[in-house]
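Report on the structure
Each chain is listed here by its residues.
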Amino acid sequence: MEQTDTTLVTDLTQIINHEEVISLIKKEFFRIDTNSAITLAELIINNETKINVKQFKQKHKSFVRKNLGKFEKPEDEENGDYYLKEEIVEFIKKKLIIIVEKIGSSIKDVEDDSDRWSLSQVDGIEAFETTKYTTFQDIREKINREGKNIEFRYSFKKSDLKTSFYENKSTLQMIDVHINNNGEHFDYPIKYVYVCPMCETISSMMEYKVASTNNKHKCRQMVTKDDKLKTCNTPLNPDTNRTITKDAYIYDITFKDKEGKEQKADAMSFQYLPKGHLKVVLQKIPQAYGRLFVHIVDFQPIDKESMKLPEKTAKEHYVFTLIKHIDKYIKEKTGYVHYGYLPAKISMLAQMGSRHIPGFKYNFHISLSGDMSSGKSQFARYWGITLYAEDVFLSNATSVSIPKLRGTMESFHLFGKEHRYQYRGLLGEKKLIVIDEIKENPELKNSLKQYSLEPVYDYSKQGSNNQTYKRTAQLVVTQNIDTKHLDKYAKDIKTLYQSDTLKLTNDDGIEPKPAWDQHTDLTLPLYTYKNRYLKYCIKKIREEYERNTNNWIDGSEIALKQRFYFYYYLGSSKTNKKLTHTIKQNNITPIISNNLELVRIMCAKELVEYLENTHGYTYGENDLEYFDKIDELLSKYDKRGDARTKEMSYTLIKILRIIDKRKYCNEEDLRILQYILENVDNKVEVIDTDEFKINNTYIKKDDVEETNIEEENKDSWGYDDTFK
């Protein structure tokens, strides 16, 4: 590679307009405007020694008064001319020379290993070192001249920058950012090739030289016209198939401004960046309109201390050990405590296990339905961020769209050129997607049926590239109960209960039917109802809803509900002293609630590594034996016996034993699965989810039946034989 010039910036206009030059002048004078600072810098650089204030400042009287010590007083202070003191001019000139030299060498060849940044040493990359004076225009022109194989690095070890908040300037600055996605590749053009259709001359132009003409230029070949030698001047468009490009990536980033507010920007980089929090050096890319656009030159990971794993003991299943440890970790890091939710916490660990234990599908989605203020959103947020950090996406249902989930064609403008790429979507980018209040967006809710169990997905509409992506995300959705639907559900039960067609089938058939109580909660587990007539009616109406492909809890399609193996209905109508105490403590304790800050401090890397290093436990010694026991449980609890339900149940018990690092299932695994079966698909009060308790609530055979005198006179074909 050719040695670069020691001075990259040679154009006087470019020098005096550099932000560091303007900043130097502004530091020396009180309240000097930018145009005056540029003019004064030009005078000093051109070796002017006797500088009249009128040469760089038209309205100067107020300015002179505020900077009186820097000027020589004229004999006539009212009408005389004010000149800068020669020692002031000389002092500024010395500083300007230093800055100009640094600007000129802001990109320098990195040759000496002792000066090379560590990543360059590891990768063996010949790089150009950038400094705080480097602008994106410097890098842009350097790439155009040197070609696509050059790299840029910043020496964090010899840093001339300090981490600060983002500023609106073009030179290099160091800030902390959060990389929100995996990045999308695009081809950054560095040289365009043109073929003249008239004289067939092939020419090329650097990207930055034709950007202002929309990448067009005129053929400069000399040709003979009318017996005279003339310039061809044919207007040319670039041959896009011959354009020389450099690999680049586009990212969505978040950072905080000086006021502590979160700001978003598009960022391009010639390096592939990892998700999460990074210390970066970046430059603003000036744009006339649109979203803030920056170039990330280099990065340094910000190390986060991972949650330490608790010691595994023989006395307790490791799932429970982990849950208690995670709750303690959340309290220590954020100040927040979430009461109860033990079934959901087990489900979150099983969900994480299916994501990281080798060989499992990512199909353990969780639905949290329930009363308002039952803690659904807070649980999903704190546990989701704790377990997944930057790999979780949290949103309200009205703020996220189907295209955002499955991806679509996106575009951005860079130096007047539109770049298009296919965004892979959140389903292929995140490991967990939390959607709050899902029922507020019915279209989105119904679309989850299409994507939630598919291992791959694509976007094949017009304009796309038909790229197929692997789904990496699992779902946690929350919603408040639809009271209108539950009113209809209660009315259906009441109608059946008050009919005259119910009777007992056992020997004590003389038991009278109690009067209808309108205050009875009709959403509880069936085993809680002592009134056998009511229990029968509730069970039958629930079965009728299912036969009509409706979920009795929220009225959605059964097909959608079946996508959520962990479907919880949480009630908040009851309370106890422990729950009240927890709520009070959360209200007097300083709690970190900002999502960006939570992602910044939470890390479960050791737990991920623990789950990923379980290859030796995939195949169990007695899995089939326990699969038979699961079939018995599903039957006793009157759960669906379809293939999907069984497959998910079998998978769950395998994940439970693998988390406990065993090759064989035991009764504790089965008890945990039984505990889950007792808590899904019916209402459970939050106060009852704070301890592990199995009620053995099997669904017994009905001892109530319906009779219909009119139907007894009809055969199975509906033929009326009254007159026979």
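Just above sits the structure.
Please read all numbers here as calculations on a predicted model, not as lab measurements. (Residues numbered from 1 in each chain as written. Predicted model: local features only at pLDDT ≥ 70, side-chain atom pairs only at ≥ 80, totals over all residues. Heavy atoms only, no water.)

On to the pairing of strand E4 (residues 127-130), then. Strand residues, when the strand is regular, have side chains that alternate between the two faces of the sheet. Residues of E4 alternate between two faces, with Ala-127 and Glu-129 on one and Phe-128 and Thr-130 on the opposite face, all of them buried. Bridging between E4 and strand E5 (residues 151-154) involves four bridges; their strand directions are parallel. In the sheet register, Thr-130 faces E5, and the bridge partner there is Tyr-154. In this fold, the crossover linking E4 to E5 by way of helix H7 (residues 136-146) has right-handed handedness. (Buried < 20%, exposed > 50% of the residue type's maximum accessible area, 1.4 Å probe, protein only. Helix = DSSP H or I, 4+ residues; strand = E, 2+ residues; numbered from the N terminus. Pairing = 2+ DSSP bridges. Right-handed = clockwise from strand over helix to strand, strands pointing away.)

The nonpolar side chains of a soluble globular protein tend to be buried, and buried together. If you look at the biggest cluster of nonpolar residues, it comprises 74 residues, and the most contacted ones within it are Ile-346, Trp-383, Phe-566, Tyr-568 and Leu-607. The residues contacting Phe-566, other than those within four sequence positions of it, are Ser-347, Ala-350, Phe-364, His-365, Ile-366, Ser-367, Leu-652, Ile-676 and Val-680. Grouped together as the second largest cluster of nonpolar side chains are 68 residues, Val-400, Ile-481, Leu-486 and Leu-526 included. (Core = buried A, V, L, I, M, F, W, Y, C linked by side-chain atoms within 4.5 Å. Contact = heavy atoms within 4.5 Å.)

Right, let's get into the sheet that holds strand E21 (residues 432-436). Read from one edge of the open sheet, six strands run E18-E21-E24-E17-E26-E27, paired in parallel fashion. With one partner strand each, in any of the chains shown, strand E18 (392-396) and strand E27 (683-685) form the two edges of the open sheet. On average, each strand axis in the sheet is inclined to that of its neighbour by 20°, with strand direction left out of account. Relative to strand E24 (residues 474-480), E21 runs parallel, the two sharing four bridges. Bridge assignment links Leu-432 to a residue of E24, and that residue is Gln-474. Contacts between helix H10 (residues 342-356) and the sheet are confined to strand E17 (366-370), E21, E24 and strand E26 (566-571), with E24 contributing the most and set at about 155° to the helix. (Axes fitted to C-alpha atoms, helices over the stretch in contact; angles between N-to-C directions.)

Below, the discussion takes up the packing of aromatic side chains. What the rule picks out here adds up to 28 aromatic pairs. Geometrically, the ring pair formed by Tyr-675 and Phe-692 is tilted, given 4.7 Å between the ring centres and 50° between the ring planes. With Tyr-675 in helix H22 (residues 667-679) and Phe-692 in the loop between E27 and strand E28 (704-706), this residue pair connects regions lying 17 residues apart in the sequence. The exposure class of Tyr-675 is buried, given its relative accessible area of 1%. Positioned above the aromatic ring of Tyr-362 is the side chain of Arg-355, whose terminal nitrogen or guanidinium carbon lies 4.4 Å from the ring centre. (Phe/Tyr/Trp six-rings, centres within 6.5 Å; stacked < 30°, edge-to-face > 60°. Lys NZ or Arg CZ within 6 Å of the ring centre and 35° of its normal.)

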